[in-house]
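Reading the structure
Spelled out from the first residue to the last, the chains are:
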Amino acid sequence: MVNTQVELSGVTLSNPIIPASGTFGFGYEFAELYDINMLGSFSFKGTTKEPRFGNPTPRIAECTAGMINSVGLQNPGVEKVISEELPKLSKCFHKPVIANISGFSVEEYAYCCELIDKEEQVGIIEVNVSCPNVHNGGMSFGTSPEAAAEVTRAVKKVTTKPVYIKLSPNVTDIVSIAKACEEAGADGISMINTLMGMRIDLKTKRPVIANKMGGFSGSAIFPVAVRMVYQVYDAVKIPIIGMGGVTTAEDVIELMLAGATAVQVGAANLVNPFACKDIIEDLPRVMEKYQITNLKDIIGGAHK
Ligand code: SIN
């Protein structure tokens, strides 16, 4: 009998598997396929102050071992998320959920987080300072330690729930940004968001994606995620939610050995809507294979 339970800032998860924001909607779409209460938690669609239609199409480009997206934070806006999406979600998911929040100014991040913090079902707030697909927002707050710290401080001032800052890998020194967020009061780090990528269509000789570039995700980026989680674990004391190209239970264990306390699964959900279910069901077998009885004992194990 193995124990898959982990804890994120006082929130207990029956297992560490969390569908990543933008790959699982607001949950109820997937609840038609299986009982999503088997998930550790899930991070809902990136939410902003105003409703957003998103970027022009095409927004997706296929790649070997991954995909590029440039969705552009399409969402109905925080007020509708609270009045329409969360009530639907609460009917099919009975665990604390992770609220993923994006913004175009420090004030906007604080505004949305203050509202979402009051929602009973929200267990953790994940502040996305790493969306590569919008101008003057998202990633521009996540590429400097000062800007990431400023967002963290503003959000912490108006919230009571644990705040995790979702970091971009599109930087030269992710460690300094993670440390700045920790010093500014972050309760945890989520990492990594997508890597900037681009494809060109040989027939049209033009970029495949209307916005030209987008965020590259999928199994190809997994080694980058492992490397960055390993580096940040060495530098901070707060928990890390690791993500980036996770597709198997073996990947979950590897990312936890690097330093992740919990693991998000992103692009894999778009290829196989049962990806998280499959990983959760396979986890005990893989734990037994590697003689792991208690999953939380392996967090950061590769550093010893
Ligand atoms: C998007 O909506 O463009 C993706 C969100 C993200 O990468 O943070």
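Residues numbered from 1 in each chain as written. Predicted model: local features only at pLDDT ≥ 70, side-chain atom pairs only at ≥ 80, totals over all residues. Heavy atoms only, no water.

**Describing the pattern of salt bridges**
Scanning the entire structure with this criterion turns up four salt bridges. The closest approach of N and O atoms between D187 and K156, which form a salt bridge, is 2.9 Å. Placement of the pair is D187 in the loop between α5 (174-183) and β9 (188-191) and K156 in helix α4 (residues 145-157), with a sequence separation of 31 residues. Residue K156 is classed as partly exposed on the basis of its relative accessible area of 26%. Residues R285 and D282 are paired through a salt bridge, measuring 2.7 Å at the closest nitrogen-oxygen approach. Remark: D282 and R285 occur in helix α9 (residues 275-289); sequence separation between them is three residues, near one turn of the helix. When its relative accessible area of 43% is taken as the criterion, R285 is described as partly exposed. A single salt-bridge network, built from bridges that share partners, covers E250, D282 and R285. (Salt bridge = Lys/Arg side-chain N within 4 Å of Asp/Glu carboxyl O. Helix = DSSP H or I, 4+ residues; strand = E, 2+ residues; numbered from the N terminus. Buried < 20%, exposed > 50% of the residue type's maximum accessible area, 1.4 Å probe, protein only.)

**So, the site of the ligand**
All residues in the neighbourhood of the ligand are listed as K45, N69, V71, G72, L73, N128, C131, P132, N133 and N193. Contact distances for the ligand include 2.8 Å between an oxygen atom and a backbone N or O atom of G72. One nitrogen or oxygen atom from the side chain of N128 is found 2.7 Å from an oxygen atom belonging to the ligand. In isolation the ligand exposes 260 Å². Once the protein is present, 88% of that is buried. When the residues that make up the shell around the ligand are grouped by side-chain class, the tally is four nonpolar, five polar and one charged. (Near = heavy atom within 4 Å. Polar contact = N/O pair within 3.5 Å; in protein donor to acceptor, adjacent residues only side chain to side chain. Areas by Shrake-Rupley, 256 points an atom, 1.4 Å probe, with all protein chains shown as cover. Nonpolar A, V, L, I, M, F, W, Y, C, P; charged D, E, K, R; others polar.)

**Quick word on the packing of helix α7 (residues 249-258) against α9**
Where α7 contacts α9, the two axes come as close as 8 Å, and the packing angle between them is 65 degrees. Between α7 and α9, the angle is such that the two are roughly perpendicular. The two elements α7 and α9 meet at a crossing, and its hand is right-handed. Contacts between α7 and α9 involve A249, E250, V252 and I253 from the former and I279, D282, L283, R285, V286 and M287 from the latter. Taken together, the residues of the contact of α7 with α9 break down into seven nonpolar, no polar and three charged. (Axes fitted to C-alpha atoms, helices over the stretch in contact; angles between N-to-C directions. Parallel < 35°, antiparallel > 145°, perpendicular 65-115°, else oblique. Left-handed = near helix turned anticlockwise from the far one by under 90°. Contact = heavy atoms within 4.5 Å.)

**Here we look at unusual backbone geometry**
A cis amide bond links T57 with the next residue in sequence, P58, at an omega value of -5 degrees. One can find P58 in the loop between α1 (28-31) and β4 (60-63). The phi torsion at L73 lies on the positive side, around 55 degrees, for a residue other than glycine. As for its position among the elements, L73 is in the loop between β5 (66-69) and α2 (78-92). For L73, a relative accessible area of 6% gives the class buried. The backbone of K205 shows a phi angle near 60 degrees, a positive value even though the residue is not glycine.

**What about the sheet that holds β4?**
Overall, antiparallel pairing links the four strands, which are arranged β4-β5-β13-β10 in an open sheet. The sheet terminates laterally at β4 and β10 (195-197), the two strands that pair on one side only. The average undirected angle you get between the axes of adjacent strands in this sheet is 35 degrees. Bridging between β10 and strand β13 (residues 214-217) involves three bridges; their strand directions are antiparallel. Note that in β13 the partner of M196 across the bridge is G215. (Pairing = 2+ DSSP bridges.)

**Things to note about the sheet that holds strand β15 (residues 262-265)**
Read across the open sheet, the seven strands follow the order β3-β15-β14-β9-β8-β7-β6; overall the sheet is parallel. The two strands at the open ends of the sheet, each matched to only one other strand, are β3 (17-19) and β6 (97-101). Direction aside, neighbouring strands of the sheet carry axes that sit 25 degrees apart on average. For β9 and strand β14 (residues 240-243), the ladder comprises three bridges, and the chain directions are parallel. Looking at β14, one finds that I189 is bridged to I240. Against the sheet, helix α6 (residues 222-235) touches β9 and β14, its axis set at about 165 degrees to β14.

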